[in-house]
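Single-letter residue listing:
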Amino acid sequence: MKKLLVEGGTRLRGQVRVGGAKNSAVALLPAAILANSTVTIEGLPDISDVQTLSELLEEIGGTVRKDGQTVEIDPSTMISMPLPNGRVKKLRASYYFMGAMLGRFNKAVIGLPGGCHLGPRPIDQHIKGFQALGAEVTNEQGAIYLRAKELRGARIYLDVVSVGATINIMLAAVKAKGRTVIENAAKEPEIIDVATLLASMGAKIKGAGTDVIRIEGVDELNGCLHTIIPDRIEAGTYTIMAAAQGEEMIIDNVIPQHLESLLAKLREMGVTIEENDEQLYVRPGKSLKSVDIKTLVYPGFPTDLQQPFTSLLTQATGTGVVTDTIYQARFKHIDELRRMNAAIKVEGGAAIVAGPSKLQGAKVKATDLRAGAALVIAGLMADGITEITGIDHIERGYENITNKLIELGGKIWCEEMSKEEVEQFQNS
Ligand code: EPU
């Protein structure tokens, strides 16, 4: 088991290239199940979630060929194999196997998904959607059983705006008989990306990116070539790093419109950001001013950038209040930041950050993916060395983060943990 070490204080400089969007990739790969011939996806990020999902596609009989960032999936030999345990527990997005397998085979058995612990993460809206399409859904010994004689289009109103439920219902509905309307759908760019892939496969989908998505079911979907969108959360994380510890940084392969809420907040803090077609040029201000943030569904401030942003706020003058309306308990990074001397308290469901505080290197634990990113940012700004355990979480979502930061001048490296450290980590 490895730990990540970050020596703080060096300024970051130069250009960093953002990879393909993790939260698109994890839906695009299962979506390939619905085709009857090879689906090629270009620009996939080199992260462990992509690896896990590729292995799951092989587990159900598919052929997956990877060549750099391009993956070819031949779904023609897939079978409706139950996936109750094992790899499905490694990540949350394995729930997309429910919609995709139901859509192709009219049945699926999938274990309850794993993923980051951010408080309760129910999937009732996914199930409500599958049931509306005609599936019988039962929970038997920790696995979800889905069976349908035939899927039929339906009008589905989501009680909660959910990225996962919107995508999962799209996957199940594209081959259902007749018309499906998803109301109060999520509008995240990843949803548009999945709809684009499905449309290239021959699906009839209108309205992805708005809160009403209309789908006319088709009998067959074919293979196609798709290029994934850039990862707005990875881009946002490096933009925050640039504001925190950069001198002059260019973030390359970005769709700036996907990050408007973050960029507005950074500008409010005094950071200069210029936008080109596919790049952000970031120059931090002489001093940073505190701001409040409240996470909301897209296009509001993304919950996935709340934790990295909190690290930045520790360096701003004044008090900043961070409220997460999507995951009210997404504050596990706060205790770790406090170990590094940050002045933060959690009160009434909000984190109140008083700054600026001089951060100090410490031994900390990444409890989830974005908490890990928050600790890397804090480590870059801190005096001395920060040791981060739990780096599996970081590797699930940030491709080559160590190399990317080294190229920017950061001092960051991995070391093997001692036996005692592994024991301590496992018991903590
Ligand atoms: N919710 C329900 N019922 C449902 C589904 C969701 O109550 O059936 C609630 C959730 O508990 C949450 C809110 O609705 O409070 C939004 O959840 P959503 O379904 O949108 O989240 P998700 O699809 O499970 C995706 C991303 C997350 C990201 C959220 C919100 C993937 C694989 N994950 O999760 O990404 O935080 O949308 O934008 O796409 C991350 O990348 O670090 C990450 C956690």
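Residues numbered from 1 in each chain as written. Predicted model: local features only at pLDDT ≥ 70, side-chain atom pairs only at ≥ 80, totals over all residues. Heavy atoms only, no water.

Asker: Tell me about the sheet that holds strand β1 (residues 2-7), and please be specific about residues and values.
Answerer: Taken together, 4 strands build an open sheet; the order of strands is β21-β22-β1-β23 and the sheet is mixed. Each having just a single partner strand, β21 (363-365) and β23 (411-416) make up the two edges of the open sheet. Ignoring strand direction, the axes of neighbouring strands in this sheet form an average angle of 25 degrees. Here β1 runs beside strand β22 (residues 385-389); their pairing, made up of 4 bridges, is antiparallel. Among the inter-strand pairings, Glu-7 is bridged to a residue of β22, identified as Ile-385. Strand contacts of helix α11 (residues 369-381): β1, β21, β22 and β23, with the helix running at about 35 degrees to β1, the strand carrying the most contacts. (Pairing = 2+ DSSP bridges. Helix = DSSP H or I, 4+ residues; strand = E, 2+ residues; numbered from the N terminus. Axes fitted to C-alpha atoms, helices over the stretch in contact; angles between N-to-C directions. Contact = heavy atoms within 4.5 Å.)

Asker: So what about the pattern of salt bridges? Which residues, and what values?
Answerer: Considering all chains together, one arrives at 26 salt bridges under this definition. Among the ionic pairs, Arg-232 bridges to Glu-190, the shortest N-O distance being 2.8 Å. Residue Arg-232 is located in helix α7 (residues 232-245), and its partner Glu-190 is located in helix α6 (residues 189-201); the two are separated by 42 residues in the primary sequence. Side by side, Arg-232 and Glu-190 carry an identical accessibility label, which is buried. When the shortest N-O distance is used, the salt bridge between Glu-234 and Lys-404 registers 2.7 Å. One end of the pair, Glu-234, is in helix α7; the other, Lys-404, is in helix α13 (residues 401-407), and 170 residues separate them in sequence. Look at Glu-234 and you get buried, because its relative accessible area is 2%. (Salt bridge = Lys/Arg side-chain N within 4 Å of Asp/Glu carboxyl O. Buried < 20%, exposed > 50% of the residue type's maximum accessible area, 1.4 Å probe, protein only.)

Asker: I'd love a proper account of the sheet that holds strand β3 (residues 39-42), names of residues and values included.
Answerer: Spatially, β4-β5-β3-β13 is the arrangement adopted by the 4 strands of the open sheet, whose pairing is mixed. Looking at which strands have only one partner, the edges of the open sheet turn out to be β4 (63-67) and β13 (225-227). Neighbour to neighbour, the strand axes of the sheet diverge by 15 degrees on average, direction disregarded. Relative to β13, α6 is tilted by about 165 degrees, and along the sheet it contacts β3 and β13.

Asker: Outline the environment of Val-160, supporting the account with residue identities and numerical values.
Answerer: For Val-160, the location among the structural elements is in the loop between β9 (155-157) and α5 (163-173). A residue is classified by how much of its surface remains accessible, and Val-160, at 47% relative accessible area, is partly exposed. Along the chain, Val-160 and Ile-394 lie 234 residues apart, while their C-alpha atoms are 28 Å from each other. The residues contacting Val-160, other than those within four sequence positions of it, are Gln-125 and Asn-184.

Asker: Could you give me a rundown of the packing of aromatic side chains, with the residues and numbers involved?
Answerer: Applying the stated criterion across every chain, the model contains 2 aromatic pairs. With centroids separated by 4.8 Å and ring planes inclined at 80 degrees, the aromatic side chains of Tyr-95 and Tyr-96 adopt a geometry described as edge-to-face. For the residue pair Tyr-95 and Tyr-96, the accessibility class agrees, reading buried in each case. With a centroid separation of 5.3 Å and 75 degrees between ring planes, the pair formed by Phe-301 and Phe-309 is classed as edge-to-face. Residue Phe-301 shares its accessibility class with Phe-309, and that shared class is buried. (Phe/Tyr/Trp six-rings, centres within 6.5 Å; stacked < 30°, edge-to-face > 60°.)

Asker: Describe empty space enclosed by the protein, and please don't skip the residues or the numbers.
Answerer: Under the definition given, this model contains 1 cavity of 30 Å³ or more. Approximately 40 Å³ is the volume attributed to the largest cavity. The residue inventory of the lining of the largest cavity, partitioned by class, reads 3 nonpolar, 1 polar and 2 charged. (1 Å grid on protein atoms, 1.4 Å probe; cavity = no way out; pocket = protein on both sides within 12 Å on 5 of 7 lines; lining within 4 Å. Points joined across faces, edges and corners; volume = space filled by probe spheres on them. Nonpolar A, V, L, I, M, F, W, Y, C, P; charged D, E, K, R; others polar.)

Asker: Tell me about the site of the ligand, and name the residues and values.
Answerer: Close to the ligand lie 25 residues, the nearest being Gln-125, Ser-162, Asp-304, Ile-326 and Arg-370. Interatomic distance of 2.7 Å between a backbone N/O atom of Val-163 and an oxygen atom of the ligand. Between an oxygen atom of the ligand and a side-chain N or O atom of Tyr-327, the distance comes to 3.0 Å. Summarising the interface, the protein chains cover 90% of the accessible area of the ligand, which totals 830 Å² for the free molecule. (Near = heavy atom within 4 Å. Polar contact = N/O pair within 3.5 Å; in protein donor to acceptor, adjacent residues only side chain to side chain. Areas by Shrake-Rupley, 256 points an atom, 1.4 Å probe, with all protein chains shown as cover.)

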